[in-house]
Amino acid sequence: MADSITVTAPAKINIGLRVLPKRLDGYHSIESIFTTVSLYDTLTVSSDAPEGACIVECEEMNLPQENTFTTAYKAFCVLTGTKYGVRVNVTKRIPSGGGLGGGSSDASSFIQSVDRLFNTRLAADDLHKIAGLVGSDVFFFTQALIEGNKRPFAAVVGGRGEHITPIEPRNDYSVVLVFPGVSVSTKDAYSWVDSYLEKRSPALDMRKEFQKPIKEWQFSNDFTTPVSGRFEKIANAIAALKNCGADFADMSGSGSTVYGIFVRKEGEEISSLARTACEILSKNWRIALA
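Here the structure is a predicted model, which is why all the values come from computation and not from measurement.

Rules of the game
Residues numbered from 1 in each chain as written. Predicted model: local features only at pLDDT ≥ 70, side-chain atom pairs only at ≥ 80, totals over all residues. Heavy atoms only, no water. Buried < 20%, exposed > 50% of the residue type's maximum accessible area, 1.4 Å probe, protein only. Helix = DSSP H or I, 4+ residues; strand = E, 2+ residues; numbered from the N terminus. Pairing = 2+ DSSP bridges. Core = buried A, V, L, I, M, F, W, Y, C linked by side-chain atoms within 4.5 Å. Contact = heavy atoms within 4.5 Å. Axes fitted to C-alpha atoms, helices over the stretch in contact; angles between N-to-C directions. Right-handed = clockwise from strand over helix to strand, strands pointing away.

K.L.:
Give me the lowdown on the pairing of strand β8 (residues 248-251), citing residues and values where you can.
P.N.:
Residues F248 and D250 line one face of β8 and the alternating positions A249 and M251 line the opposite face, and both faces are buried. As defined by bridge partners, β8 adjoins strand β9 (residues 258-263) across four bridges and the pair is classed as antiparallel. Note that in β9 the partner of F248 across the bridge is I261. If you look at the hairpin formed by β8 and β9, you'll find six residues sitting between the two strands, and G253 has a positive phi there, around 60°.

Written out as structure tokens, the structure is:
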């Protein structure tokens, strides 16, 4: 058994996000393309903890005593019968509550690291069972790791998040993330979107749309209009990205992170327009090139 394992946990963005009416169980089904980006958290997972304990250390933020790590570890122990203690040290780079799936990605990378650490050899179905107990976005990140942690990994995501259909990712663009500095409650965002659903654009075939030239994309995020209408900084961030030449810009998830996609020219590893956008936007916004 290894003493410790260090892994990364990538963020994701939503390219198009369609919210369906609330179901009888109180959840909304969605349809969206999720794709990972190069912004990531780092986790070091070790067996240096008392039996049965899950100790979480994170300098960048104060986590509650019960959090996604402890929830995931309890589910892992019930499923495997493991009684070992575990310690996880987290270096956060993905903003919490920003629509980038940071907590879900951390939980998925954590569980698969614990599986390796204790050599429990969980099957994919078992990993997805744990994902369902932790959070909807955990399904996507679990599948991304099962597929080999390809960078990027992309999929059409449906249902509550449990239906994952991998698709060919795109590698012809750079992403600029803008963090508007506002906090959006997911619960509130869903309540706002309910009254907006009748006004939205018609549904798209997301897989076909994703294959089109980026400038032709007609993707929309059902959360963007109701959320940005309440938070001017989000609307301003989207406009700023477009003014910097983004080929496509929108909000990720239920917010508040906004992203711009900049097509790379032949021979460019990173879009020169994206680099310029970062220089301009960093004067007024917290940003990341991903």
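Still to come is the rest of the account.
K.L.:
Which residues make up helix α4 (residues 138-146), and what are the values?
P.N.:
Counting buried residues along α4, seven of its nine residues qualify, which places the element largely inside the surrounding structure. For α4, the full list of buried residues reads V138, F139, F140, F141, T142, Q143 and A144. Where α4 ends, the next residue or the one after it, G148, has phi of about 110°, a positive value.

K.L.:
So, the nonpolar core: which residues are in play, and what are the values?
P.N.:
Most often, soluble globular proteins keep nonpolar side chains buried together rather than apart. Core analysis: the largest hydrophobic core is formed by 41 residues, its most contacted members being F140, F223, V227, I234, L241 and L281. Once residues within four sequence positions are removed from consideration, V227 is found in contact with V184, A189, W192, I234, M251 and S254. If you look at the next biggest cluster of nonpolar residues, it comprises 25 residues, including Y173, L177, M206 and F210.

K.L.:
Report on the sheet that holds strand β10 (residues 286-289), specifying residues and quantitative values.
P.N.:
The strand order across the open sheet formed by four strands is β8-β9-β7-β10, and the pairing between neighbours is antiparallel. Two strands bound the open sheet, and with one partner strand each, they are β8 and β10. The sheet shows a mean angle of 20° between the axes of neighbouring strands, direction not considered. Strands β7 (173-179), β8 and β9 of the sheet are contacted by helix α8 (residues 232-243), whose axis makes an angle of about 10° with β9. Helix α9 (residues 272-281) rests against β7, β9 and β10 of the sheet, and its axis sits at about 15° to β7.

K.L.:
Explain the pairing of strand β4 (residues 86-91) residue by residue, including any values.
P.N.:
The two faces of a sheet get side chains in turn, since along a regular strand they alternate between them. Residues V86, V88 and V90 line the buried face of β4, whereas the alternating positions R87, N89 and T91 sit on a face that is not buried. Judged from the five bridges that link them, strand β2 (residues 28-46) and β4 form a sheet pairing that is antiparallel. Along β4, the bridge assignment pairs S46 with R87. Here five bridges tie strand β3 (residues 54-58) to β4, and the two strands are oriented parallel to one another. Residue I55 lies in a different strand from β4, and its bridge partner there is R87. In this fold, the crossover linking β3 to β4 by way of helix α1 (residues 68-80) has left-handed handedness.

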